[in-house]
Amino acid sequence: MYVAVKGGEEAIDNAHGLLAHERRGPVSVPDLSPDQIETQLALAVDRVMAEGSLYDPALAALAIKQSRGDLIEAIFLVRAFRTTLPRFGNGEPVDTGAMAIERRISATFKDLPGGQVLGPTFDYTHRLIDFMLAAGVAPPAPAEVETDFEATPRVTDLLDGQGLIEAELPDDTAEVGDLTRAPLDFPADRDLRLQALARGDEGFLLALGYSTQRGYGRTHPFVGEIRFGEVMAEFVPEELGFAVPLGPVSLTECQMVNQFHGSAELPPQFTRGYGLVFGQSERKAMAMSLVDRALRTREFGEDVTAPAQDEEFVLSHCDNVQATGFVEHLKLPHYVDFQAELGLVRKMRSEYAARQQELKEAAE
Amino acid sequence: MRQETNGAKPATDPEIAARQAVMATCTGATTAELDHALQGLGDIPPASDLRGTENGLVMLRGRMGGDGRAFNLGEATVTRAAVRLEDGRTGFAYQLGRDSAKARISAILDALWQGQERAAVERVLTPIRDRITGETAAKARRVAATRVNFFTMVRGED
């Protein structure tokens, strides 16, 4: 229970003034521009867009500046911003098969159409602090090689053609659930689960994905493919009746190939876990695909034995804005509740003391 | 590695496909570039708002496994503009981001493109197309340099 407390207005105003002062820091250091954040802290921007569930790099960069680099606070700001805008409608599902590839790797096939393309990756770096960055040394120009356009089909399409992996069926008659419009109900279908995971906290999903690898709901995964690059977002406005190209969006996609499932009707085949995330976010896409597969227990008649397989547990706790709200609400004045508890513990202590006194007297 | 339309589904109607290509160029342009393109057209019929230029959202969707049922991935900010030229032609723009000036100029260019100014609009957009194509190609060359070329070590006694 909360109680109205007045009298803090001036302190609050001054606290926000102090926050603005601390955010700016010493004026001897140049002010940070949102452009610099957008282009040089691009992966932080990507995380804010993914978990803020709003694709807008410039807005995410500004939110990071406003939040002093507290990414969950920035995600909260972005989520609040989206509530101020009308929704024009739903875009056409993006075609990740037509992605302009900036990175594409497979752990299941060495040679595959389109090849293995490393792109801008931290992999194979030695994780040694680079003091040249502090010295402001410009990097050498990256290598270039001439290239022709080459189609890069999804690895799962290659397996799909042979029936070795479960097929996905593009049923566009089914309604697409939207958890921003209707409260999440359980059991939740895979469309809603994927939406929740796509905006879910990277750290939470990483830990859950890790737990499946350590035996808490094993799914025996292989990375069929990870790809990162741009796809064209498209929207069909009513007044035009054809798909309008909105602009390119950067996405990371992970296809996790998992161990077998078969039935009386179907021969054994690999099963799939899927991850799709705004921006360059391989860790998140991989974690998402591990958890997506773990959550498909009902479909495959598996037992729910581990947290990552429990959709109510996962979906109710993966949103870091919701989690922050409930954890941080404990900061609000609970003076009356606490007075009641204080009264209760005093009463219990006096009863205890009286009992001890009685026992002592009885012993004598 | 990338096509001009950046993976957008080409419409089967060549007229619509050409209009989509103009729209794609406008989304990739800067406001300054489009302003300059509009200036390059000289005298054009005045435009009025058919609907006020406005910022909003489009829910972007993915497909399960890349090719299955659709799901909601997350929203994107989108700015839309709709204009009517004095001669009655209408033009539209829907673009990622919150740049109202850019969307409105794009809608005017869309309207002009649908009439006698088509060739002129294509002409003033050419430098923007060239810039985008050049940047895309350079990026593709940088990415291509990171492609792994496996070679297999032959071992054994023969």
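Cut-offs used in this document
Residues numbered from 1 in each chain as written. Chains lettered and ligands numbered in written order. Predicted model: local features only at pLDDT ≥ 70, side-chain atom pairs only at ≥ 80, totals over all residues. Heavy atoms only, no water. Domains from an automatic or database assignment. Contact = heavy atoms within 4.5 Å. Buried area = accessible area lost by both parts, 1.4 Å probe. Salt bridge = Lys/Arg side-chain N within 4 Å of Asp/Glu carboxyl O. Polar contact = N/O pair within 3.5 Å; in protein donor to acceptor, adjacent residues only side chain to side chain. Helix = DSSP H or I, 4+ residues; strand = E, 2+ residues; numbered from the N terminus. Nonpolar A, V, L, I, M, F, W, Y, C, P; charged D, E, K, R; others polar. Buried < 20%, exposed > 50% of the residue type's maximum accessible area, 1.4 Å probe, protein only. pLDDT = per-residue confidence, 0-100.

**Q** For this particular structure, what's the right way to read the domain arrangement of chain A?
**A** Frequently, the measure chosen for interface size is the accessible area removed from exposure when the parts meet. All names here are of chain A. We note that the domain assignment places domain 1 (9-82), domain 2 (96-137 + 148-324) and domain 3 (334-363) within chain A. One C-alpha centre belongs to domain 1, the other to domain 2, and the line joining them spans 28 Å. If you look at the interface, domain 1 gives 14 residues, while domain 2 gives 20 residues. For the pair domain 1 and domain 2, the summed buried surface comes to about 1400 Å²; carbon and sulfur atoms form 57% of the total. Along the contact surface separating domain 1 from domain 2 lie 2 salt bridges. Linking domain 1 with domain 2 are 7 residue pairs in polar contact (both at pLDDT 80 or more), by the criterion used here. Examining the composition of the side of domain 1 that touches domain 2, we find that 6 residues originate from one element, helix H3 (residues 42-52), more than from any other. Residue composition of the side of domain 1 that touches domain 2, by class: 8 nonpolar, 1 polar and 5 charged.

**Q** Please clarify how the interface of chain B and chain A should be interpreted in this entry.
**A** Opposite the 59 residues of chain B that make contact, chain A presents 84 residues. For the pair chain B and chain A, the summed buried area comes to about 6700 Å², and 61% of that belongs to carbon and sulfur atoms. The interface formed by chain B and chain A contains 11 salt bridges. Counting the contacts that link chain B with chain A gives 29 residue pairs in polar contact (both at pLDDT 80 or more). Only helix H1 (14-28), strand S1 (47-63), strand S2 (70-85), strand S3 (90-96) and helix H4 (118-144) of chain B provide two or more residues apiece to the side of chain B that touches chain A. Broken down by element, the residue count for the side of chain B that touches chain A peaks at 11 residues, all from S1 of chain B.

**Q** Honestly, the pattern of salt bridges in this entry has me stumped. Any pointers?
**A** Oppositely charged side chains can pair when the atoms bearing their charge come close. All told, the structure shown has 46 salt bridges over all chains when counted by the stated rule. Across the salt bridge formed by Arg-103 of chain A and Asp-123 of chain A, the nearest N and O atoms sit 3.0 Å from each other. Placement of the pair is Arg-103 of chain A in strand S3 (residues 100-105) and Asp-123 of chain A in the loop between S3 and helix H6 (131-134), with a sequence separation of 20 residues. Among the residues examined, Arg-103 of chain A registers a relative accessible area of 1% and is labelled buried. The exposure class of Asp-123 of chain A is partly exposed, given its relative accessible area of 28%. Through salt bridges with shared partners, one network takes in Glu-168, Arg-190, Arg-272 and Asp-292 of chain A together with Asp-67 of chain B.

**Q** I keep staring at the confidence of the model for chain B and nothing clicks. Help me out?
**A** When pLDDT drops low, the exact placement of atoms in the prediction is not to be read closely. Put simply, chain B has an average pLDDT of 91, and 90% of its residues get 70 or more. Contacts of residues 1-8 of chain B to residues separated by more than four positions or lying in other chains number 24 contacts, the stretch itself having pLDDT below 50.

**Q** Explain unusual backbone geometry here, please?
**A** Excluding glycine, residues mostly carry a negative phi; peptide bonds, for their part, are mostly trans. Residues and elements named next belong to chain A. In the segment running from Phe-186 into Pro-187, the intervening peptide bond is cis, with an omega of -5 degrees. Within the secondary structure, Pro-187 sits in the loop between helix H7 (155-160) and helix H8 (190-198). Within the chain, Arg-68 stands out as a residue other than glycine whose phi angle is a positive 60 degrees. If you trace the backbone, Arg-68 turns up in the loop between helix H4 (57-66) and helix H5 (71-82). For Tyr-124, which is not a glycine, the phi torsion comes out positive at approximately 70 degrees. Mapped onto the fold, Tyr-124 is located in the loop between S3 and H6.

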